[in-house]
Every structure is written in C-alpha cells, then in structure tokens.
Amino acid sequence: MENQEKPPKKTTDIGAYAEENYFLQHTEKFSRLLPNLKSSFSIKSSLIKKVLNAGNDIKGIRFMFGLEDEFNPNSVRILLVPAGSSNDYAEPRFTFLTEQGYLDHLGVSHNIFNTCELVSSFVKNVKKELPELNYKEITRGGFLGKNSLLDLVERHDCKEVALHFGYKNSNEIIPIFEPCNELDGPYMNFSQPCPSACDGYDPETGEDWCIDTNAVYSNSEHKELDNHRFFRDNYLLDLNDGEIFYEMYYFVSPMVSYLISKEENSDLILKKIYKEKIRPFNELLNKEAYDEALVVLKDTLAEWVNIYQSRDFHYSEV
C-alpha cells in the first residue's frame, strides 16, 4: 500500500492532545532551566471564548508571555491575543490590531504598546537566566487554533484551564494546557510557536510579512535592508525602550502587510511607504543617527496602529 501524505491541517485545528509523560518531561525541564519564573496559571474558559468570539476571521489565540515587572518573576502575564492567517490552511502569521486591547489571564486589558512592553520584559528575563539564547529567537508565545481550544474547554465542560510552561529541546518555551486543572490529563500542546521575526522575503511570491521588506523590494534594491538589520541587531535593543519597539514592529508589521496586500492599489501604498518612511529612515541610519531613527520608528508604528487597527472587535460576555 502506498504511503499517503497527511492532509494539511487547518489553522483552526492547530493543537493536539498529549500524554502525561510529555507534560512531565517538558514542564520539569522548564523548572530546571528557569526555576525563578512562575510557570502555572489558571485561565477561565469564558475568557478564552470571549476572545475567540471578539471578531470575524479569528483563527485562534496566541497565548503570549509577558512580565508586568521585569524584576519580579512572579508577575508573569499570559496575554490572549487573537490571531489570523491569509487562508484556512496558512500559518497564523498575524495578530489582529484592536482598539479593545488584549486581555491577560486575569481579565485585565492591555493596549498594543503595553502588550509589547510586557513581552519585552519577559524576553529580557529569560535572556538574563539563559544568556546563551539569542534575544530575537526566544519564544514569545504559542498559538492554538479555535477548534482545538473550543474542544479543550467544551469537551471537558471546564470552568477554567491551567496553562503550564514547558521547554522543548529546540530552545522553545511552550504552553501546555490542562483542562479543569486535572492532574491526570489529558494535556494539550503542539502549538505554533511565536518568535519575534518575520519569515523572510519569498522571491517566488514577492511577499514578506515584514512591511519594510515589502516596501523596499517593491521600490528599490534590497541592500537598504542590510542597514535595517544592522541597526536592529547592533543598536536598537540597547536604546531606551528599544526592546519595546523591537517587539512592536514584529507585532504590528505582519497585519499591516497583510491588509495592504488586500488593497487594489497596494503597489501605490508600498511606494508611498518607501518614499515617506523607509527612505528617510535609511538616511538616518547612514548618518548613524540611531536615536533619531528610533523616534521615526516610534512615530511610524503609532501611525500604522492608528490606521490599521480594527474597531470591530468587541469582548462581549459569554
């Protein structure tokens, strides 16, 4: 009998049940490597449903890791960020930008800036404990699809679920879910990890999930991007609040890039971004005016959030 390829998995179906030994192996490793970080949290099932039902086209939730106080490892916040994809089977590359903010596991709402501030504090704390890790590759969270999450909370009729931190051999921090806080499982993981960076430019499709890459490739030679990467890797993280705006760029950029790609005049929009944003930014980098470049980055991100954030989200009671 010929081997048959498994059908592609829908974005809404990302996530699967795991056995107890999987749970123990990965949670114990996290406790060994990061013993000072709080690692278990309770999330109301109604909160998960509230986020999943907040707007159209939500394919699932990115459970993103934040820290309220970077010097207090017990101040971890799990942010429930609605996410989407370009089609039913695509990876969940973008987070919805919403005026309503993002709820944490305690039900507290955070705006986009504060969300990125929380995430950057978490990453810095992990980096401090595990200095051999690359800042940009530290896991920011894990995505689970809508169908998988609903099955988790509805099949077991849970009023709440527990989220536990686990650690994979691939240097990946993972969320492992335990319905109803039952110590005998079943457990759910196999989430899609959320690193900080876009996947890179695809020369076949001409697409990239970072908006500056799209704008540069559409209007100029790509050598300018070397300047951007040099600034990112050598200066941005050392500037005041630089880590926050590092996180914010990769949080905002994929959704902006996706929405622009849906516009009929997308080429003109990219040309305008290149002329009015990318080129002046690059001139500052050429002059090594990095503090001024950060100001431009801040202003540009604020403008994009204002233009592209959705007013349609509403966290109604479930």
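Structure: see above.
Quick caveat, the model's predicted, so the values are computed rather than measured.

The rules behind these values
- Residues numbered from 1 in each chain as written.
- Predicted model: local features only at pLDDT ≥ 70, side-chain atom pairs only at ≥ 80, totals over all residues.
- Heavy atoms only, no water.
- Core = buried A, V, L, I, M, F, W, Y, C linked by side-chain atoms within 4.5 Å.
- Buried < 20%, exposed > 50% of the residue type's maximum accessible area, 1.4 Å probe, protein only.
- Helix = DSSP H or I, 4+ residues; strand = E, 2+ residues; numbered from the N terminus.
- Contact = heavy atoms within 4.5 Å.
- Pairing = 2+ DSSP bridges.
- Polar contact = N/O pair within 3.5 Å; in protein donor to acceptor, adjacent residues only side chain to side chain.
- Phe/Tyr/Trp six-rings, centres within 6.5 Å; stacked < 30°, edge-to-face > 60°.
- Salt bridge = Lys/Arg side-chain N within 4 Å of Asp/Glu carboxyl O.
- Axes fitted to C-alpha atoms, helices over the stretch in contact; angles between N-to-C directions.
- Parallel < 35°, antiparallel > 145°, perpendicular 65-115°, else oblique.
- Nonpolar A, V, L, I, M, F, W, Y, C, P; charged D, E, K, R; others polar.

Participant: Run through the nonpolar core, naming residues and quoting values.
Facilitator: Counting 88 residues, the largest nonpolar core has Phe63, Ile78, Phe165 and Val252 as the members making the most contacts within it. A per-element tally of this core places helix H7 (residues 242–261) first, with 12 residues. In this structure Val252 touches Leu97, Ile112, Leu301, Trp304 and Val305, once residues within four positions along its chain are discounted. Ala18, Phe23, Ile174 and Tyr187 belong to the second-largest nonpolar core, a separate cluster that totals six residues.

Participant: So what's going on with the environment of Val252? Residues and values would help.
Facilitator: Relative to the helices and strands, Val252 resides in helix H7. Relative accessible area serves as the criterion here: at 0%, Val252 is assigned to the buried category. Spatially, the C-alpha atoms of Val252 and Thr95 are 7.5 Å apart, while their sequence positions differ by 157 residues.

Participant: Just give me the short version of the pairing of strand E8 (residues 141–145), but keep the residues and values in it.
Facilitator: Burial analysis of E8 places five of its five residues in the buried class, which makes it a mostly covered element. Residues Gly141, Phe143 and Gly145 line one face of E8 and the alternating positions Gly142 and Leu144 line the opposite face, and both faces are buried. For strand E3 (residues 60–67) and E8, the ladder comprises five bridges, and the chain directions are antiparallel. The residue of E8 that forms the bridge with Arg62 is Phe143. Note: E8 against strand E12 (residues 192–193), two bridges, orientation antiparallel. Bridge assignment links Gly142 to a residue of E12, and that residue is Pro193.

Participant: Explain the side chain of Ser85 residue by residue, including any values.
Facilitator: By the element assignment, Ser85 lies in the loop between strand E4 (76–84) and strand E5 (94–95). Within polar-contact distance, the side chain of Ser85 engages the backbone oxygen of Asn87 at 2.7 Å. Here Ser85 is in contact with Thr11, Lys59, Ala90, Glu91, Pro92 and Phe94, once residues within four sequence places are set aside.

Participant: Now, about the packing of aromatic side chains: what can you tell me, with residues and values included?
Facilitator: In this structure the tally under the stated criterion is 20 aromatic pairs. Aromatic pair Phe65 and Phe122: ring centres 5.4 Å apart, planes at 55°, arrangement tilted. Note that Phe65 is positioned in strand E3 and Phe122 in helix H3 (residues 112–129), a separation of 57 residues in sequence. Since its relative accessible area comes to 0%, Phe65 is described here as buried. The class of Phe122 is buried, set by a relative accessible area of 0%.

Participant: Explain the pattern of salt bridges residue by residue, including any values.
Facilitator: For the coordinates displayed, the defined rule picks out 10 salt bridges. The partner of Glu70 in a salt bridge is Lys124, and the shortest N-O contact between them spans 3.3 Å. Of this pair, Glu70 sits in the loop between E3 and E4 while Lys124 sits in helix H3, placing them 54 residues apart in sequence. A relative accessible area of 24% places Lys124 in the partly exposed class. Connected through shared salt-bridge partners, Glu70, Lys124 and Glu243 make up one network.

Participant: Just give me the short version of the environment of Leu239, but keep the residues and values in it.
Facilitator: The residue Leu239 is located in the loop between helix H6 (224–234) and H7 in this model. By relative accessible area, which is 15% here, Leu239 ends up buried. Along the sequence, Leu239 and Asp291 sit 52 residues apart, while their C-alpha atoms lie 7.3 Å from each other. Apart from the residues within four sequence positions on either side, Leu239 is in contact with Phe231, Tyr290, Asp291 and Leu294.

Participant: Please give an account of unusual backbone geometry that cites residues and values.
Facilitator: Even without glycine at this site, Phe190 takes up a positive phi of about 55°. For Phe190, the location among the structural elements is in the loop between strand E11 (187–189) and E12. With a phi close to 60°, Glu288 is a non-glycine residue in the positive phi region. You can see Glu288 is positioned in the loop between helix H8 (266–286) and helix H9 (290–308). Among the residues examined, Glu288 registers a relative accessible area of 56% and is labelled exposed.

Participant: Could you give an account of the packing of H8 against H9, with specific residues and numbers?
Facilitator: Packing of H8 against H9 leaves a shortest axis separation of 8 Å and a crossing angle of 160°. Classified by the angle their axes make, H8 and H9 are roughly antiparallel. Every residue of H9 that contacts H8 at Ile269, Ile273, Lys277, Phe281, Leu284 and Leu285 is listed here: Tyr290, Glu292, Ala293, Val296, Leu297, Thr300, Glu303, Trp304 and Tyr308. Residue classes in the contact of H8 with H9 are distributed as 11 nonpolar, one polar and three charged.

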